[in-house]
Amino acid sequence: MTGRIPAAGFILAGNHPEGDPRTGLEETLRLFALGEDLGFDVAGIRQRHLERGISSALPFLAAASQRTRSIRLETDVVPLGYETPFRLAEDYGTVDALSGGRVNVGISTSSPHGDLLASLGRSDDSLDPYTLIGRFLEALEGDVLADEALHTPYGPQVPRIEPHVEGLRDRVWLGGGSERSVRWAAEHGLKLLLGNLSDAGGHDRFEPAQRHHLDLYHSLFRGTGEAIVGVERVIVPTTTATAEQRAHYLAYAESRNARTAEPAQLGGRRVVFQRDLIGTAEEIVDRLADDPSFDGRTELRVALPYGFGEDEYRQILFDIRHAVLPELGWAPGSEHSRDAPETASITAHEVA
């Protein structure tokens, strides 16, 4: 079996009903706390613009840092196309300080819904996105910006981005799917997040296309930190699902299967999609064990489907934690889970 998984987390979009964002925010915070109780290593939040989801990942993670104690908190991802690098660095430093050093800095080069948001964004939106990443990394590094001290109400201070968190730059993950993004991450010593969509390259199927990106990244990696990749997989176990939930899950999968049949054109790119993993825990374990992306060092990010109910997310996380991950060499990562063995004996119905 090649599919051993050393670390695992999950990613949510934080969807909410029309006109009621607080409900979605509270549900998502509860799911982050549940993920910590179950022993997941990472809980990630997507940043979605013009949609009923989390539109501002860092304020959400600031709240999550006060509802959790040990689980890593991740942005999956913040699109830099709308951000000012030094301001974003300040926000990440603040949230990381609040969390006690638990933040994974997930970013991307994208500008989703750019045609609709261009008039509301920065005036220099033509700047190459990789230049933005470079400026953001410099801000995180906290280099001194002037030779003379800055006069402040607190007295003279070294002029650099504050709060400065030593080593935060080493926790930057670039969300990618193109060969350029994979190369850039490797050559600049960043960690890499890969989704369930990939540039096809010379391949007609998703698995060999993503494996090519993994091999390319590891071969080109230059940095003082460790070369780490996290890959997303939509995983929906049906083991403890109710009949109604199972019917919903299978209908969801059926609506998405057609896109995985052959490469597609997306914004001028030839891309391939990964087929969702929906079925019994045993079926999912078999598929992950045969997945070439999992070679014993690749981390898993479970991409929870958009628009599901809180009870469904809880059932899915429960099954993944208890029936899938242990079969793939994973062990709970959080101290809270290790200190509370009764967590392992709760049932899916109690979780829900």
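For the structure given in this document, a descriptive report is provided here. (Residues numbered from 1 in each chain as written. Predicted model: local features only at pLDDT ≥ 70, side-chain atom pairs only at ≥ 80, totals over all residues. Heavy atoms only, no water.)

## Regarding the packing of helix α3 (residues 85-99) against helix α5 (residues 129-141)
How we decide: Where helices are involved, their axes are fitted lines through C-alpha atoms of the stretch in contact, as for all axes, and angles between N-to-C directions lie from 0 to 180°. For the purposes of this entry, the term helix denotes a DSSP run of H or I that reaches at least four residues, the term strand denotes a run of E that reaches at least two, and both are numbered from the N terminus. The scheme is simple: roughly parallel for angles under 35 degrees, roughly antiparallel for over 145, roughly perpendicular for 65 to 115, oblique for anything else. Crossing handedness follows the turn of the near helix against the far one: under a right angle anticlockwise gives a left-handed crossing, and clockwise gives a right-handed one. What makes two residues a contact is simply this: any of their non-hydrogen atoms within 4.5 Å. Any residue that is not Ala, Val, Leu, Ile, Met, Phe, Trp, Tyr, Cys, Pro, Asp, Glu, Lys or Arg is counted as polar, Gly included; the first ten are nonpolar and the last four charged.
Two numbers describe how α3 lies on α5: the axes approach to 8 Å, and their chain directions differ by 45°. Between α3 and α5, the angle falls in the class oblique. The chirality of how α3 crosses α5 is right-handed. For the pair formed by α3 and α5, the contact residues are Pro85, Phe86, Leu88, Ala89 and Tyr92 on the first element and Leu132, Arg135, Phe136, Ala139 and Leu140 on the second. Across the contact of α3 with α5, the residue classes tally to nine nonpolar, no polar and one charged.

## Quick word on the packing of aromatic side chains
Convention followed: The criterion for an aromatic pair is that two Phe, Tyr or Trp rings (for Trp, the six-membered ring) have centres within 6.5 Å, with stacked assigned to planes under 30 degrees apart, edge-to-face to planes over 60 apart and tilted to the rest. The classification of residues rests on relative accessible area computed with a 1.4 Å probe and restricted to protein chains. Under 20% of the type maximum is buried, over 50% is exposed, and intermediate values are partly exposed. Only when the NZ of Lys or the CZ of Arg is both within 6 Å of the ring centre and within 35 degrees of the ring normal is a charge said to sit over the ring.
According to the stated counting rule, one finds 10 aromatic pairs in the structure shown. Taking the centre distance of 5.4 Å and the plane angle of 80° together, the rings of Phe10 and Phe40 count as edge-to-face. Taken as a pair, Phe10 in strand β1 (residues 8-12) and Phe40 in the loop between α1 (21-38) and β2 (42-45) lie far apart in primary sequence, 30 residues in all. Across this residue pair, the class does not change: Phe10 and Phe40 are buried. Between Phe32 and Phe60 the ring centres are 5.2 Å apart and the planes differ by 80°, which places this aromatic pair in the edge-to-face class. Remark: Phe60 occurs in helix α2 (residues 57-67) and Phe32 occurs in helix α1; sequence separation between them is 28 residues. Assessed through its relative accessible area of 4%, Phe60 is described here as buried. Among the aromatic residues, those joined into a cluster by ring pairs are Phe10, Phe32, Phe40, Phe60 and Trp330. The side chain of Arg301 reaches across the aromatic face of Trp173, ending 5.1 Å from its centre.

## Digging into the pairing of β2
To be explicit about the condition: Strand pairing follows a simple DSSP-based rule, namely that at least 2 bridges must link the two strands. If the strands point away from the viewer and the path from the first strand over the helix to the second runs clockwise, then the crossover is right-handed.
Of the two faces of β2, the one holding Val42 and Gly44 and the one holding Ala43 and Ile45 are both buried throughout. One ladder, built from four bridges, connects β1 with β2; its direction is parallel. Bridge assignment links Phe10 to a residue of β2, and that residue is Ala43. Between β1 and its parallel partner β2, the chain crosses via α1, and the hand of that crossover is right-handed. As defined by bridge partners, β2 adjoins strand β3 (residues 72-75) across four bridges and the pair is classed as parallel. Pairing of Gly44 across the sheet is with Glu74, part of β3. In this region the chain leaves β2, passes through α2 and returns to the parallel neighbour β3; the handedness of that crossover is right-handed.

## Describing the nonpolar core
Heads up, the rule is: To form a nonpolar core, buried Ala, Val, Leu, Ile, Met, Phe, Trp, Tyr and Cys residues must be joined to one another through side-chain atoms within 4.5 Å.
One finds Phe10, Phe32, Tyr92, Ile107 and Phe136 to be the most contacted residues of the largest nonpolar core, which totals 84 residues. Discounting chain neighbours no more than four positions away, the residues touching Phe32 are Phe10, Leu12, Ala43, Gly44, Ile45, Phe60, Leu61, Ala64, Thr68, Ile71 and Leu73.

## Section: helix α6 (residues 179-187)
For α6, every residue scored as buried is listed here: Ser181, Val182, Trp184, Ala185 and Ala186. In the core, the buried residues of α6 are packed alongside α5, β8 (172-176), β9 (191-194) and α7 (206-220). Positive backbone phi, approximately 70°, marks Gly189, located one or two places after α6.

## Observations concerning the pairing of strand β11 (residues 229-233)
Among the five residues that make up β11, five are buried, leaving the element largely enclosed by the rest of the structure. Side-chain alternation along β11 places Val229, Val231 and Arg233 on one buried face and Gly230 and Glu232 on a second face that is also buried. Bridging between β9 and β11 involves three bridges; their strand directions are parallel. The partner of Leu192 across the bridge, within β11, is Val229. Bridging between β11 and strand β16 (residues 299-303) involves four bridges; their strand directions are parallel. What sits directly across from Val231, in β16, is Leu300.

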